[in-house]
Every structure is written in C-alpha cells, then in structure tokens.
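A closer look at the structure
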Amino acid sequence: MRAEHLRRVLVPVALLGLAVTACGDQTNAAQRERRHPYAAVDELPEALAPDGTTIVVGDPRRMPVHLYEDMRCTVCKEVEVTGAGASLLDMTLGREVRTEYTLSSALDGPLGGTGSKKAANALRAALEQGKFAEYRAVLLRDQPQENGDGYTDALLLETASRVEGLRGPAFDSAVKEMKYADFVDASQHAYEAAGSPVLPAADINGKRLPDTQSDVLLTKDFLPVWISGYR
C-alpha cells in the first residue's frame, strides 16, 4: 500500500520535473538568443514583406518599428545621421525590434525630377543583393541637395561602390533600367494609403507616432525609452 502511495506521488513529481526542465530549456534558449545579437549590419536578415512594398530588416519575430522615408528628405537624413537612427540600428542588431520601411517618392512632385524614384528603385535592387540596410545608410549620409535632383544613375552607382559586394551586372542594370519601377509606384501608393504622413514618420508596434511628438526621431538617445511604452 505504501509503495503504491509513493508511486502515485513520485510520478506527478517526475512529470512536474520534466515540465520545469522543458520550460527551463525554452527560457535558456531565449536567453541564448538575446545573448547573441547580430554582430554587424551585414548580418541582418532582409526581406520584402508579402504586401510587396514593405522592406523588413532584422529578426522578423520582433516588434516592428515602421519608417516612412523619401531619400530626398533632408529630415530623413538628419534622423539617420544625428538623430535616432543609431539607437534604432542598435535595437535592431540586438534583436529588440525589427525595422520596416516604406519608400516614398512624393518629393519628386514638388521638387521636380526623378531622384526619389531612382533612389527607391536602387534600394529595391540592393535588397536583392541583401545590401538594403547598408546601401540606405550610405545614400542618406551622402544625400545630395534636396532641390537638386542629385540621385542620378551615376551617383547611385558610385555610392553603391562603397558597399562591399553590391555592384555587379545585375545591380547596375537594375539601376540604369529602372527595373523595379512597379515597386516604386506601389510603394508610393502604400505611403498614400497610410495617410501620406509628414516625412519622416514612424509606426511603433502598429501605432503612429504623432506629428507633435516626431522630435523623438531627431533625438539621439530617447527613442528606446519611447519604444518601450508601445510594447
């Protein structure tokens, strides 16, 4: 009778131990993942989302920070170079968030020319080579004057030469022939469908950052604190 009682007690305890062990394994796996962020930008996974316009950079399982940008937008450059760009990159590398992009070409209208469209097409071509994030950073850092329509084929190709492994026949012809013109048009429509927000704009975990608080994007270190409030 006592043996039977011990068996009834020990079996549930053993099962509980297995459950705790399994739970511990899952926790340890998550901790290991957190301890192993991406070492550099060129390790970040990049993909085109199923909607055909959103470019996703980073661990797709993480909370999204969705940016709306136009490569001719001077404030977009400011965000990247002196604002929240570095903090967002650190969070993406650290697997805290994933970064998503919708590329607008709206500024070609009031400013004239086709520089925004050409830059968006070149960025789509860079995505095919797994070099979107690296190329985008270079394009914004070396942005030509907003009103000069400076994103010519020659400039886009010269700038691409600074990203290791990007230049080649496929990329060069895609830039010169506007291979991804349909993507450029669809991306502009996606931007308009999102309400044509003042650029740059951001959706954090599906919630639009209000225009009145967009200075968060221009502040170097405050974005991580702001993002934590959207989780």
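Described below are features of the structure shown in this document. (Residues numbered from 1 in each chain as written. Predicted model: local features only at pLDDT ≥ 70, side-chain atom pairs only at ≥ 80, totals over all residues. Heavy atoms only, no water.)

**Considerations on the nonpolar core**
One broad trend across soluble globular proteins is that nonpolar side chains are buried collectively. In terms of nonpolar packing, the biggest core is built from 56 residues, with Tyr135 and Phe171 touching the most fellow members. Sorting elements by how many residues they give to this core places helix H5 (residues 115–128) first, with seven residues. When neighbours within four sequence positions are excluded, Tyr135 is seen to be in contact with Ala122, Leu123, Ala126, Leu156, Thr159, Ala160, Val163, Leu166 and Phe171. (Core = buried A, V, L, I, M, F, W, Y, C linked by side-chain atoms within 4.5 Å. Buried < 20%, exposed > 50% of the residue type's maximum accessible area, 1.4 Å probe, protein only. Helix = DSSP H or I, 4+ residues; strand = E, 2+ residues; numbered from the N terminus. Contact = heavy atoms within 4.5 Å.)

**Thoughts on the sheet that holds strand E4 (residues 97–103)**
If you trace the six strands from one edge of the open sheet to the other, you get E1-E2-E4-E3-E5-E6, paired in mixed fashion. The sheet is open, and its two borders are formed by strand E1 (46–48) and strand E6 (207–208), each paired with just one other strand. Of the strand pairs in this sheet, strand E3 (residues 63–69) and strand E5 (residues 201–204) are connected by four bridges, and their pairing is antiparallel. Bridge pairing in E5 places Val65 opposite Ile204. (Pairing = 2+ DSSP bridges.)

**What to know about the pattern of salt bridges**
Within this structure, the stated rule accounts for 16 salt bridges. A salt bridge links Asp59 to Arg95, with the nearest nitrogen and oxygen atoms 3.3 Å apart. Taken together, the residues Asp59 in the loop between strand E2 (55–57) and E3 and Arg95 in the loop between helix H3 (85–93) and E4 connect sequence positions 36 residues apart. Each of the two residues, Asp59 as well as Arg95, counts as buried. Between Asp108 and Arg72 there is a salt bridge; the shortest N-O distance is 2.8 Å. You can see Asp108 sitting in helix H4 (residues 108–111) and its partner Arg72 sitting in the loop between E3 and helix H2 (74–81), a full 36 residues away along the chain. The buried category is assigned to Asp108, whose relative accessible area is 4%. Through salt bridges with shared partners, a single network forms among Asp59, Arg61, Arg62 and Arg95. (Salt bridge = Lys/Arg side-chain N within 4 Å of Asp/Glu carboxyl O.)

**What about the layout of surface pockets?**
Taken as a whole, the largest pocket holds about 290 Å³ of empty space. Around the largest pocket, the lining comprises 22 residues; the ones closest to its centre are Glu80, Gly85, Leu89, Tyr101 and Arg136. Taken together, the elements giving at least two residues each to the lining of the largest pocket come down to E3, H2, H3, E4 and helix H6 (132–141). (1 Å grid on protein atoms, 1.4 Å probe; cavity = no way out; pocket = protein on both sides within 12 Å on 5 of 7 lines; lining within 4 Å. Points joined across faces, edges and corners; volume = space filled by probe spheres on them.)

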